[in-house]
Amino acid sequence: MKRRMLSLLLTATMFGPVLAQTQAAQSQAAPVQTPSTPARQAPVANYVALGVFYYDRANYDNAYVAFRAAAEQDPASREALLGLGRTQIKLRLYGPALESLRRLVTLDPRGISGYVALAQAYQAQYVGTSDRSGVQGNLDQALRVLASAETAARAAGGPDLNVNLSKILNERGYVNRLRGDNKAAIDSFKQASSLNPDNAVILYNLGDMYFATGNLTGAVDSLQRAVIADPRDGFSRAYYAKLLAVSGNIAAAIPEAAQAAKLSPNNAYTVGQYGVVSYLAKDNVTARKQLQAAIQLEPLRYPEFYFYLGRLELDQGQLKEARADLTRASALASTSWEYLYYLGLSYERGAGSAAPDRLKARESYQKALSLNPSYRLALDALTRVK
């Protein structure tokens with residue numbers, strides 16, 4: 001699941017004035033201290049601003065140190081607790097994150113940011129825990145937190161009500177998707193979008209949910225609106241390009257994919273989707289270049305790029321390389337029957353030094369069918385290798 005973090009936009013809104021204040025303070029020359037002069041403790045705002053600086057650059061270890069210093073100096077600072085809790089989530093310190101964010105919503109029961117972050121912490125612990133026996137109630141807890149957030153938002157009212165409700169509903173969509181309730185997830189994202197119609201992140205999430213449930217037309221429409229809402233967001237544009245290509249509109253997909261990669265040349269997702277679109281357009285040279293570049297940028301995050309690189313190698317008879325890349329794709333996305341089918345195909349075929357391996361091919365096809373018993377390609381392939 002590709003998750004776009006709408007609620008993180010609250011960070012800049014909440015911390016922006018603090019950061020500006022700190023930067024202004026830091027621009028002044030610091031007084032020279034003599035040994036007899038005790039060192040002055042930095043203001044909480046400075047620690048918070050430093051934490052934001054590191055957090056925005058994904059330097060979560062240093063962000064944690066800064067936010068923790070701020071929270072220790074002022075245990076009632078909501079900015080410090082919010083930053084600390086979010087950073088603890090990034091560092092997979094789920095228990096401490098829940099503690100920090102529970103304290104925040106207790107101190108600030110009207111602060112929507114705290115509720116949303118607390119709901120995210122429950123989700124992150126659920127997703128990031130291999131043994132889910134101890135976190136079975138996390139998603140229900142997240143929904144209860146979001147219900148409290150909605151109550152607080154409606155009680156506060158004001159001109160920001162619709163925006164706040166859209167953030168809550170957007171988060172509720174994530175929780176419902178994790179619960180396997182696709183209809184509720186779509187309804188949540190649709191409600192969020194109706195309240196905040198020009199928000200590209202919500203439109204992205206709605207389109208992603210449509211695509212996951214087989215509604216390609218709805219997905220293309222929603223991603224197109226996301227691109228219009230935020231033309232410089234390479235992530236949405238790359239996904240839009242991929243959906244155009246999947247729907248058969250290759251001519252429109254290619255320039256969108258190229259533009260996405262141009263907008264975000266160091267983003268593995270945008271670079272890789274340009275490779276996917278190029279593969280579907282039968283531009284093998286560009287496809288290989290972009291897919292390899294994306295994998296180099298983030299080797300473990302996007303199994304899709306190993307999959308398409310493996311398919312390209314399979315098409316060109318490079319079976320040894322195809323088997324390696326399709327194995328990586330299947331390992332990183334162990335519930336994808338399509339990846340397992342193509343891995344089986346790479347073993348069924350033989351070329352050059354790579355001899356056919358019908359046993360491994362059969363194993364891959366059987367695994368694919370265990371995930372999707374009606375998958376016709378794997379059914380036919382299993383018949384061939386039996």
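Source: prediction; values computed, not measured.

Parameters at a glance
Residues numbered from 1 in each chain as written. Predicted model: local features only at pLDDT ≥ 70, side-chain atom pairs only at ≥ 80, totals over all residues. Heavy atoms only, no water. UniProt positions renumbered as here; feature names shortened; annotations may be inferred. Helix = DSSP H or I, 4+ residues; strand = E, 2+ residues; numbered from the N terminus. Axes fitted to C-alpha atoms, helices over the stretch in contact; angles between N-to-C directions. Parallel < 35°, antiparallel > 145°, perpendicular 65-115°, else oblique. Left-handed = near helix turned anticlockwise from the far one by under 90°. Contact = heavy atoms within 4.5 Å. Nonpolar A, V, L, I, M, F, W, Y, C, P; charged D, E, K, R; others polar. Expected span 1.5 Å × (residues − 1). Buried < 20%, exposed > 50% of the residue type's maximum accessible area, 1.4 Å probe, protein only. Salt bridge = Lys/Arg side-chain N within 4 Å of Asp/Glu carboxyl O. Core = buried A, V, L, I, M, F, W, Y, C linked by side-chain atoms within 4.5 Å.

What to know about the UniProt feature "repeat: TPR" (unreviewed entry) in the protein
Mapped onto this numbering, the UniProt entry gives "repeat: TPR" (unreviewed entry) at residues 44–77, 78–111, 166–199 and 200–233. The distance separating the terminal C-alpha atoms of residues 200–233 is 8 Å; by composition the span is 79% helix and 0% strand.

Structural notes on the packing of helix 8 (residues 161–178) against helix 10 (residues 200–212)
Look at helix 8 against helix 10: their axes get within 11 Å of each other, and the N-to-C directions meet at 25 degrees. Here helix 8 lies roughly parallel to helix 10, going by the angle between them. Of the two possible hands of crossing, helix 8 and helix 10 adopt the one that is left-handed. Seen from helix 8, the contacting residues are Ser 166, Asn 170, Tyr 174 and Arg 177; seen from helix 10, they are Ile 202, Asn 205, Asp 208, Met 209 and Ala 212. Of the residues that constitute the contact of helix 8 with helix 10, the class distribution is four nonpolar, three polar and two charged.

Here's the deal with helix 6 (residues 112–128)
If you check helix 6, its first and last C-alpha atoms are 24 Å apart, about what 17 residues at 1.5 Å a residue would give, namely 24 Å. Summarising burial for helix 6: 15 of the 17 residues are buried, a large majority.

Details of the pattern of salt bridges
Tallying each qualifying case throughout the model produces 13 salt bridges. Between Glu 150 and Arg 154 there is a salt bridge, and its shortest N-O distance comes to 3.1 Å. Of this pair, Glu 150 and Arg 154 both sit in helix 7 (residues 138–156), four residues apart, which is roughly one turn of that helix. Ionic pairing is found between Asp 221 and Arg 225, a salt bridge with its closest N-O pair at 3.9 Å. With Asp 221 and Arg 225 both in helix 11 (residues 216–229) and four residues apart, the pair spans about one turn of that helix. Its relative accessible area of 39% is what places Asp 221 among the partly exposed residues.

Some thoughts on the nonpolar core
Core analysis: the biggest nonpolar cluster contains 68 residues, and Leu 223, Tyr 269, Phe 305, Phe 307, Tyr 341, Tyr 342 and Tyr 365 have the highest contact counts within it. Among the elements that take part in this core, helix 12 (residues 234–246) stands out by supplying eight residues, more than any other. Judged by nonpolar contacts, the second largest core, of 42 residues, contains Ala 97, Tyr 126, Ala 142 and Leu 165.

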